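Remarks on the overall topology
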Amino acid sequence: MILGVALPERVVVAVRDGVPEWPVARAAARAAERVCVAVDLDAAPVAPVAAIRVGGPCPPVLRPVVGSGVAIIVRGGHSLTGRVLEPLDTEAVRRFAASCGLVDFAVTATGSPMLADHELAVAAIVAAEVPGARITLSYEFGQPGLREREADAIRNAALGPEAGRIADEVARELPGVPAYFARSGRGLVSAPYFRRYPQACALGGAAGLARGRAAFGPSRSDGVSDEVAAAYGAALGRPEAQVERIVQARGRTELNRVLQEARDEALTRVVSAGAAPGSARIAETTANPLSYLPDGLYRVRVTAEGTVP
């Protein structure tokens, strides 16, 4: 038996051989083989974030948007071809990390979808200065535009504590039952992945609802609440993960090599998202040339999926 749960209403649906059943007794729920949770995080409480942007100076209107958090821009970054624009100002990073008084960090560097070295270096400095720091790196979100990546990274960092609270609540209610969370688009991720990348599940409730309505079909959807449908939709998902990068490749042979690297990374990521290692497979690969930029630059997106253990 698989459980589908829609939060915050705590609507629970049991799915046996693809067929939904409700209500579900508490004792029966605790004997489930796994629980799949649908939750929207758009209105969730957010933590203050310390944002570090690595790049050149900018007008005040283009500075990082952090709400009640704090932000700094330090020298460094790369071009989209991987050229170092300026050496990373490690001392500025160290001073900011040590004095900001926060533990949730979002790091964004120019050019990081192509080369993430400066984001990784900042993360190492923050981890050394702030024990227990939770650090989000923008290159993991794949957007080519700096401000879009930065917004995703800041939002992910801000949602981290609430995602941890939700995952803890599910674990307390269903001790020993493996938990998965619906992604915003399709698929599921494991509880540890949800804790680290809650932004990937920010619209998990809406995604579960759409999947559940489609599964019920027009003839059965009348009289079924959106919460029940979302819970059912979550239970029908399977682990999925994506990798999105900017890559440089001169010629087909080099492009095939970087595509294989992205596929390997996607397969690793979907296993960390909860897929059984032997079940992981590539579902989709795209490589689109970037216009108005030097030849040989591609935006690569790879989706991997699998089944739960």
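Preceding this section is the structure that the text describes.
Here is a short report on the structure shown in this document. These figures come from a predicted structure and were not determined experimentally. (Residues numbered from 1 in each chain as written. Predicted model: local features only at pLDDT ≥ 70, side-chain atom pairs only at ≥ 80, totals over all residues. Heavy atoms only, no water.)

**Quick look at the nonpolar core**
Grouped together as the largest cluster of nonpolar side chains are 45 residues, with contacts concentrated most on Leu 3, Val 35, Phe 181 and Phe 194. Elements represented by at least two residues in this core include exactly strand E1 (2-6), strand E4 (34-38), helix H4 (146-173), strand E9 (179-182), helix H5 (191-196), strand E11 (240-248), helix H9 (252-272) and strand E13 (297-305). Considering each element in turn, this core owes the most residues, six residues, to H9. Once residues lying within four places of it in the same chain are set aside, the contact partners of Leu 3 are Val 12, Val 13, Ala 14, Val 24, Ala 29, Ala 32, Arg 34, Val 35, Cys 36, Leu 174 and Ala 235. Among the nonpolar cores identified, the runner-up in size contains 22 residues, and Ala 50, Ala 92, Ala 97 and Leu 137 belong to it. (Core = buried A, V, L, I, M, F, W, Y, C linked by side-chain atoms within 4.5 Å. Buried < 20%, exposed > 50% of the residue type's maximum accessible area, 1.4 Å probe, protein only. Helix = DSSP H or I, 4+ residues; strand = E, 2+ residues; numbered from the N terminus. Contact = heavy atoms within 4.5 Å.)

**What to know about the packing of aromatic side chains**
Inspection of the entire model under this criterion finds five aromatic pairs. For the pair Trp 22 and Phe 216, a centre-to-centre distance of 6.3 Å together with 85° between the ring planes defines the contact as edge-to-face. Of this pair, Trp 22 sits in the loop between strand E3 (19-21) and helix H1 (26-29) while Phe 216 sits in helix H6 (residues 204-216), and the two are 194 residues apart along the sequence. Phe 216 gets classed as buried once you look at its relative accessible area, which sits at 4%. Between Tyr 193 and Tyr 197, the aromatic rings sit 4.8 Å apart at their centres with planes inclined by 50°, giving tilted as the arrangement. Just as Tyr 193 is buried, Tyr 197 falls in that class too. (Phe/Tyr/Trp six-rings, centres within 6.5 Å; stacked < 30°, edge-to-face > 60°.)

**As for the sheet that holds strand E12 (residues 281-289)**
Across the sheet, which stays open at both edges, the three strands sit in the order E11-E13-E12 with antiparallel pairing between neighbours. In the strand order of this sheet, the two ends are held by E11 and E12, each with one partner. Geometrically, the sheet is characterised by an average inter-axis angle of 15° between neighbouring strands, direction not taken into account. Strand direction decides the pairing type here: E11 and E13, joined by nine bridges, are antiparallel. Residue Ile 246 lies in a different strand from E13, and its bridge partner there is Arg 299. In this fold H9 packs onto E11, E12 and E13, with an angle of close to 155° to the strand it touches most, E11. (Pairing = 2+ DSSP bridges. Axes fitted to C-alpha atoms, helices over the stretch in contact; angles between N-to-C directions.)

**Comments concerning the side chain of Ser 79**
Mapped onto the fold, Ser 79 is located in the loop between strand E6 (70-74) and helix H2 (90-99). Among the residues examined, Ser 79 registers a relative accessible area of 15% and is labelled buried. Sequence-distant contacts of Ser 79, that is, excluding residues within four places in its chain, are made with Leu 85, Gly 111 and Met 114.

**Quick notes on the pairing of strand E7 (residues 104-109)**
Counting buried positions along E7 gives six out of six residues, so the element sits mostly inside the fold. Judged from the five bridges that link them, strand E5 (residues 50-54) and E7 form a sheet pairing that is parallel. By the bridge assignment, Val 54 is partnered in E7 with Ala 109. Pairing geometry for E7 and strand E8 (residues 134-137), over four bridges, is parallel.

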